[in-house]
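# Analysis of the macromolecular model
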Amino acid sequence: MKLMYDFFTGQLGLGAAGANITVAAVMAVIMFTVMALCAIILTWMERKVAGFMQSRYGPMYTGRFHGWAQAVADMLKILGKEDIIPAEADKGLFKFAPILVLLGSLLAWAAIPWAPDFVAADFDLGLFYIFAVSSLVVIGILMAGWASNNKWSLYGAARGAAQMISYEIPLALAVVPVVMRAGSLNPQDIVIAQQGGIWHWNINPITNPFLFIAFFMYFIASIAETNRGPFDMPETESELVAGYHTEYTGMRFAFFFLAEYANLFLVSMIAALVFLGGWWAPFPGMGWIPPALNFIIKGVLLVFLNMWVRWTLPRVRVDQLMHLCWKVMIPVSLLCVVGAGVWMMAWGQLK
Amino acid sequence: MSMSQKLVDRLRGEFGDAILAATSYRGDETVTVSRDRLLDVLGHLRDIEGCEQLSDIVGVDYPKRGERFEVNYLLRSLSNNHRLRVKVDVAEDQPVPTASRLWRSADWHEREVYDLFGVPFAGHPDLRRILCHHEFEGHALRKDYPIEQGQECSRPEHLFADEDIVRAARRASVMAAGPDALHDEVHPSDLLTVNIGPSHPATHGALRAEILLDGETILEARTEIGYIHRCFEKEAEDHTWAQVMPYTDRLNYCSAMLNNSIYAAAVEKLLGVEVTPRCQGIRVIVSELARIIDHLVCVCANLVDIGALTNYWYLYNIRESIYESLEKLCGSRLTTNYARIGGLSHDLYPEFGAEIRIKLDELMAGHTDVMKLIARNRIFLDRTVGVGAISRADALSFGFTGPCLRATGLDYDLRKAAPYSGYEQYSFEIPTGTNGDTYDRIMVRMAEMVQSRSIVLQALDKLPAGPVNLDDRAITLPPKRNVYQSIEGVMNQFKLVYEGIQVPAGEAYGFGEGANGELGFFCVSDGSGHPYRLKVRPPCFPIFSAYTHLIEGAMIPDAIATLGSLNIIAGELDR
Amino acid sequence: MIRDLVFVLLALLTVVPAFWVVFSRNIVHAGFALLFTLVGVAGFYGFLGADFLAVTQLMVYVGGVLVLVLFTVMMTHVPAVGRRRHGLDRLVPPAVFAAAVFGVLYKVITVVKWNVGEASTSPTTAEIGTQLMTNYVFPFEYVSIVLLAAMVGAAILIRERSHAGSDDAIAEEKQEARP
């Protein structure tokens, strides 16, 4: 970031403000590209993982090697589809909703530190900011469900909104002990606090068992937050047809799709940087691995875990989902916050 | 003297003149009763003689008679293991008292008779058409309704009128005052009607349930069926007995082999013949394979509806691989058309047994995997235990049979209770549940697959050598050698194909344990080569009539899980 | 120059949808338009260097309040028929009230001596935390207790209501409902 900034001020002779805006623009383009690529790769990965779980191959033909081009082909196909807007839909909102959903995840992506000092939006409130902008997704889903003028869509939207605002609470609470330990909301600081190998990572149950529990709270809540199985209430293809995006086709549907996978990778990356040491290699002597690669590998492993859960468990019922959130996860997460605090005071780990 | 004959004697003693006639033909006991004492007789049969189930109500049209219609009540006592047919004669537009207060299954069966024959039932709570469209004019199964006369009906039917919604809201308001609710008044505009089907991912066929929702809770549900009604029974009357066989494939298309075998057995019963032991053995083998396939389809689809997608792949491959063998055997996967009246279309191919043994081992592997994934899975238990539960008494009254009845804990299986096709030679168990809920229905089906596998293996071991077809030239086709080389053979073939098998006049009810329950064919012959009347008793018709009862008060996801576990196959539901 | 441009953009983002909120005949549209206004205000906080406040604004208003507003709007039934045009009787009282509020605000803005200066760019989070736990610990705890009381109160209200119906009424209605 600093390098890029210096390049623009030094080599190109831009002023401070101009350089800032240029850096932001460049980073935005990079992020969007990475995000779109990620979604495409993750779609392919989802199919292969699902195939692996279900003792079959998944795509094998497109692009010769293990159907690697299948996701690309799908994207092309989806771009060529007719864009249908239902006659009775609220057209303005209908068109805007997918953009809002995508915007929510894209904004959150900005605050992810991929490597030391490589982050699009580096500011102290990084984590807080990520959770705040994700709420745009909730509004987008509500908008989509309402604008479609379809009862199934509305049900999906209402379920989605209720689910996401509920699970935001344990999600945020699970991160609080880590913030307490690092003494900062800045993702970079949180990663730096975990320097020095796998036993310094926040997940290590010996350093602080409450952080270990918090990781699982976070992981479960993050599945719900991304609306994926077993918590895919807003979609539930066998109940609500396709939930809030029942009426969407073509490019607009692709936006929801893109957002789902962008969110999936986002929550996995946050888990990696909050609990699994971000860009640090697990063992000393592995410093030759590029930090960004470390980080991405951890993220992808968590994505795999997420997919594993999705393809193993049946779907919970909507009231059971709420029960789990309010009566189990929120109390446990609160306990984690208190417990982690006491533990840190007792062992003098507080900063 | 059989149980059923003793029952007829007791009835005569009790009702005297009201019993107009009693006949016994091919092991079926029939009593004709006078219309005004019908309910008394039926009530007596239910309460004193233990006939818990009304299996079916069959109308038959004799236009030349003074009292044109015959209405047959097929009763069955599971506890005493006897059957009885009660018959009343009615003239056109003459009402028959409704039996729907005695058995809940009578509701839909009477609607069907009303729809297809126009026989009104006095006191019926909701006498509407059921299989035909509500705009349809005339009654399709009357002999004077021409088979080629089509009608265009297109207007959809709204199952909830405004006043129904107002009434439901008022009721919900009072209920909401109970301890578990959050709000105390329900306004009619708070309620929403939603259609599940006819085109919905979870209906797996063209069914429709309109549900009235308060939030996610189903206050009231109504169903509409008949989307793929093609009046199989009318078609059958237009064909010879043998030509009906391929149509039976399309009833429950998941287990066509069972339909074939049971239909053939029903006609053989009316003919009074018994097929060769080898044919019986083969019919058992293919029937049990069909049962396994049917249960696989049901369980897999049910699990997919609950969101447990992976199980589908662990089990569904086996279905495909069994289908390969069936295809090799009879040329097609779903529409097998394998059985023949008096035998089979041809014998098994030599390596069939070895192939099936391997495939059944694969089945067990998949079965084990799926049981590991679901049997103690907390989410699965939360989603299925207690969901869509029905009591044993209700299940009997609704006419439940098969796995759905056994899930309530009643070990009643026609293969044991009234063995046919040599089932008595095989040792197998009847799996049962306890609560009659979705979990039990799934688990009963899972366990039945294992039993069916064991039956197939036993039948393969015991399969006797010998011919598969009866050596009776009035029933089975002559060997091809005779047809090609002798004039007698040609004439024999010609007469059997063009005129059909000459079934002596009479009526009989042939039945067997289908994958979903009791599958029966009520055959009436007038001595010609065509069925005079052929009534199917599809197991899922009465089961689906209980669907609204099962889901009212539950939530949308429960309704979906319940629907899957009932295994409603539109092909046999609508016929 | 760029600062002015950003300011104007943020102002437009805040004010234009605000007009939409007020004048839209479609109440759901009004709810969604509120989204932009709230985001615009968050932008202003950020613009003034109050980063914590900006993110909190997003979290609380967009993520919480707005969702509640939308839920309420969607779940309440607006009678489609009989929606009258706004007559004078509907226009005058709110206009007077709005004018009064504007007057008060204007007075406050002009009377108070504002401390004008460069916005500090240093992060405010740690400072806010320290202040809350030291100088302002009493108000902080006080507010917590008030909120807790409100929550308990809401829970009790719901429980009370649900026990209101008598068992007799239920039994009666069940009897009636039977065919």
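Residues numbered from 1 in each chain as written. Chains lettered and ligands numbered in written order. Predicted model: local features only at pLDDT ≥ 70, side-chain atom pairs only at ≥ 80, totals over all residues.

## A closer look at the overall build of chain C
A tally of helices and strands in chain C yields 7 helices and 0 strands. Listed by position from the N terminus, the elements making up chain C come as α-α-α-α-α-α-α. Looking at the 179 residues of chain C, the share that counts as buried comes to 15%. By sequence separation, contacts in chain C at least 24 residues apart represent 57% of the contacts at least 6 residues apart. (Helix = DSSP H or I, 4+ residues; strand = E, 2+ residues; numbered from the N terminus. Buried ≥ 20, exposed ≤ 12 C-beta atoms within 10 Å, placed from the backbone. Contact = placed C-beta atoms within 7 Å.)

## Some thoughts on the overall build of chain A
From N to C terminus, chain A includes 11 helices and 0 strands. Going from the N terminus to the C terminus, chain A shows its helices and strands as α-α-α-α-α-α-α-α-α-α-α. Taking 2.2 N^0.38 as the reference for a compact globule, 351 residues should give roughly 20 Å; the C-alpha atoms of chain A span a radius of gyration of 21 Å, in line with that estimate. Taking the principal axes of its C-alpha atoms as reference, chain A extends roughly 60 × 55 × 40 Å. Evaluated residue by residue, chain A yields a buried proportion of 51% over its 351 residues. (Rg over C-alpha atoms; globule rule 2.2 N^0.38 Å.)

## Description of the pairing of strand E1 (residues 19–25) of chain B
Bridge analysis of E1 of chain B against strand E2 (residues 28–33) of chain B gives 6 bridges, and the strand direction is antiparallel. For Ala-21 of chain B, the partnering residue across the bridge sits in E2 of chain B and is Thr-32 of chain B. (Pairing = 2+ DSSP bridges.)

## Here's the deal with the environment of Gly-104 of chain A
Residue and element names in this part refer to chain A. Relative to the helices and strands, Gly-104 resides in helix H4 (residues 91–109). Under the C-beta neighbour-count criterion, Gly-104 is labelled buried, with 23 such atoms within 10 Å. Expressed as a C-alpha distance, the spacing of Gly-104 and Leu-266, which sit 162 residues apart in the sequence, is 11 Å. Among all residues touching Gly-104, those that are not within four sequence positions of it are Val-133, Ser-134, Leu-136, Val-137 and Gly-140.

## A short note on the interface of chain C and chain A
Contact with chain C, which involves 19 residues of that partner, is made by 21 residues of chain A. Within the residue set of the side of chain C that touches chain A, elements represented by two or more residues are helix H2 (27–47) and helix H3 (51–75) of chain C. Here the side of chain C that touches chain A gets 13 residues from one element, more than from any other, and that element is H3 of chain C. A class-by-class count of the residues in the side of chain C that touches chain A yields 15 nonpolar, 3 polar and 1 charged. (Nonpolar A, V, L, I, M, F, W, Y, C, P; charged D, E, K, R; others polar.)

## Notes on H2 of chain C
Across its 21 residues, H2 of chain C extends 30 Å between first and last C-alpha, which sits within 8% of the 30 Å expected from 1.5 Å per residue. All of the buried residues along H2 of chain C are Gly-31, Phe-32, Ala-33, Leu-34, Leu-35, Thr-37, Leu-38, Val-39, Gly-40, Ala-42, Gly-43 and Gly-46 of chain C. Of the surrounding secondary structure, the elements contacted by the buried residues of H2 of chain C are H4 and helix H5 (126–147) of chain A together with helix H1 (2–23) and H3 of chain C. Where H2 of chain C terminates, the next one or two residues include Gly-49 of chain C, which has phi positive at roughly 85°. (Expected span 1.5 Å × (residues − 1).)

## A short note on the pairing of strand E4 (residues 69–77) of chain B
Residues and elements named next belong to chain B. Among the 9 residues of E4, 8 are classified as buried, and the element is accordingly described as predominantly covered. Pairing of strand E3 (residues 53–61) with E4, which is carried by 8 bridges, proceeds in the antiparallel orientation. Note that in E4 the partner of Asp-61 across the bridge is Phe-69. In the sheet, E4 pairs with strand E5 (residues 82–90) via 9 bridges, with the strands oriented antiparallel. Bridge assignment links Ser-77 to a residue of E5, and that residue is His-82.

## Notes on the interface of chain B and chain A
It is common to give the size of an interface as the accessible area lost on bringing the parts into contact. Contact with chain B, which involves 23 residues of that partner, is made by 21 residues of chain A. Elements that contribute at least two residues to the side of chain B that touches chain A include exactly strand E8 (192–196), helix H8 (277–306), helix H9 (310–330), helix H11 (378–384) and helix H20 (556–566) of chain B. Classifying every residue of the side of chain B that touches chain A by side-chain character gives 15 nonpolar, 4 polar and 4 charged.

## Regarding the confidence of the model for chain C
All names here are of chain C. Overall, the prediction assigns chain C a mean pLDDT of 77, with 77% of residues at 70 or greater. The lowest-confidence element of chain C is helix H7 (residues 167–177), averaging 45 in pLDDT; the highest-confidence one is helix H4 (residues 88–111), averaging 87. With pLDDT under 50 throughout, residues 163–179 is counted as low confidence; its partners more than four residues away or in other chains account for 18 contacts. Here the complex is predicted with pTM 0.82, and the ipTM for its interfaces comes to 0.81. (pLDDT = per-residue confidence, 0-100.)

## Observations concerning the packing of H1 of chain C against H2 of chain C
All names here are of chain C. Two numbers describe how H1 lies on H2: the axes approach to 8 Å, and their chain directions differ by 155°. Between H1 and H2, the crossing angle belongs to the class labelled roughly antiparallel. Here the hand of the crossing between H1 and H2 comes out left-handed. Within the contact between the two elements, H1 uses Val-6, Phe-7, Leu-10, Leu-13, Thr-14, Pro-17, Ala-18, Trp-20 and Val-21 and H2 uses Ala-30, Ala-33, Leu-34, Phe-36, Thr-37, Val-39, Gly-40, Val-41, Gly-43, Phe-44 and Phe-47. (Axes fitted to C-alpha atoms, helices over the stretch in contact; angles between N-to-C directions. Parallel < 35°, antiparallel > 145°, perpendicular 65-115°, else oblique. Left-handed = near helix turned anticlockwise from the far one by under 90°.)

## A look at unusual backbone geometry
The backbone phi angle of Asn-227 of chain A is positive, close to 55°, even though this residue is not glycine. Looking at the element boundaries, Asn-227 of chain A is found in the loop between helix H8 (209–225) and helix H9 (250–275). The phi dihedral of Asn-81 of chain B falls on the positive side, at around 55°, and the residue is not glycine. Considering the arrangement of structural elements, one finds Asn-81 of chain B in the loop between E4 and E5.

## A few points about the sheet that holds strand E14 (residues 518–525) of chain B
Residue and element names in this part refer to chain B. If you trace the 3 strands from one edge of the open sheet to the other, you get E13-E14-E15, paired in antiparallel fashion. In this open sheet, the two strands that pair with only one neighbour each are strand E13 (506–513) and strand E15 (531–537). Neighbour-to-neighbour, the strand axes of the sheet open up by a mean angle of 15°, direction not taken into account. The pairing of E13 with E14 spans 8 bridges and is antiparallel. By the bridge assignment for E14, Ala-508 is matched with Cys-523.

## A look at H8 of chain B
All names here are of chain B. Here H8 contains 30 residues, and its C-alpha end-to-end distance of 43 Å stays within 8% of the 44 Å for a straight helix at 1.5 Å per residue. Of all 30 residues in H8, 28 are buried; the element is thus mostly enclosed. Gly-307, located one to two residues past H8, shows a positive phi value of around 105°.

## Side note on the nonpolar core
In terms of nonpolar packing, the biggest core is built from 300 residues, with Ile-139, Leu-142, Met-143, Tyr-218 and Ala-262 of chain A together with Val-267 and Leu-289 of chain B touching the most fellow members. Look past the residues within four positions of Ile-139 of chain A in its chain and what remains in contact with it is Leu-100 of chain A together with Leu-35, Val-62, Leu-66 and Val-67 of chain C. (Core = buried A, V, L, I, M, F, W, Y, C linked by C-beta atoms within 7 Å.)

## Overview of the sheet that holds E8 of chain B
Within a beta sheet, neighbouring strands are joined by backbone hydrogen bonds and run either parallel or antiparallel to one another. Residue and element names in this part refer to chain B. Within the open sheet, the 3 strands sit side by side as E8-E9-E10. Their pairing is antiparallel. Unpaired on one side and paired on the other, E8 and strand E10 (217–224) mark the two borders of the sheet. Neighbour-to-neighbour, the strand axes of this sheet turn through a mean angle of 25°, independent of strand direction.

## Topic: the confidence of the model for chain A
Should the pLDDT be low somewhere, the predicted coordinates at that spot are not to be read in detail. Per-residue confidence for chain A gives a mean pLDDT of 83, with 93% of residues at or over 70. Mean pLDDT per element in chain A: helix H1 (residues 2–10) of chain A is the minimum at 64, and H8 of chain A is the maximum at 89.

## Quick notes on the environment of Trp-241 of chain B
All names here are of chain B. Tracing the chain through its elements places Trp-241 in the loop between helix H5 (232–237) and helix H6 (245–249). A tally of 26 C-beta atoms within 10 Å means that Trp-241 is categorised as buried. When the C-alpha atoms of Trp-241 and Ser-528 are compared, they prove to be 9.7 Å apart, with 287 residues separating the residues in sequence. Here Trp-241 is in contact with Val-267, Ile-341, Gly-500, Ile-501, Val-503, Gly-529 and Pro-531, once residues within four sequence places are set aside.

## So, the packing of helix H6 (residues 151–182) of chain A against H3 of chain C
Orientation of H6 of chain A relative to H3 of chain C, taken along the N-to-C sense of each, is 155°, at an axis distance of 11 Å. When the axes of H6 of chain A and H3 of chain C are compared, the pair comes out roughly antiparallel. Pair H6 of chain A / H3 of chain C crosses with left-handed handedness. Contact residues: Ala-161, Ile-165 and Glu-168 of chain A in H6 of chain A; Gly-63, Gly-64, Val-67 and Phe-71 of chain C in H3 of chain C. Among the residues making up the contact of H6 of chain A with H3 of chain C, the classes are represented as 4 nonpolar, 2 polar and 1 charged.

## A few points about the environment of Thr-312 of chain A
By the element assignment, Thr-312 of chain A lies in the loop between helix H10 (291–310) and helix H11 (318–347). A tally of 17 C-beta atoms within 10 Å means that Thr-312 of chain A is categorised as partly exposed. In sequence terms Thr-312 of chain A and His-323 of chain A are 11 residues apart; their C-alpha atoms lie 21 Å from each other. When residues no more than four places from it in sequence are discounted, the contact partners of Thr-312 of chain A are Met-53 of chain A together with Thr-310 of chain B.

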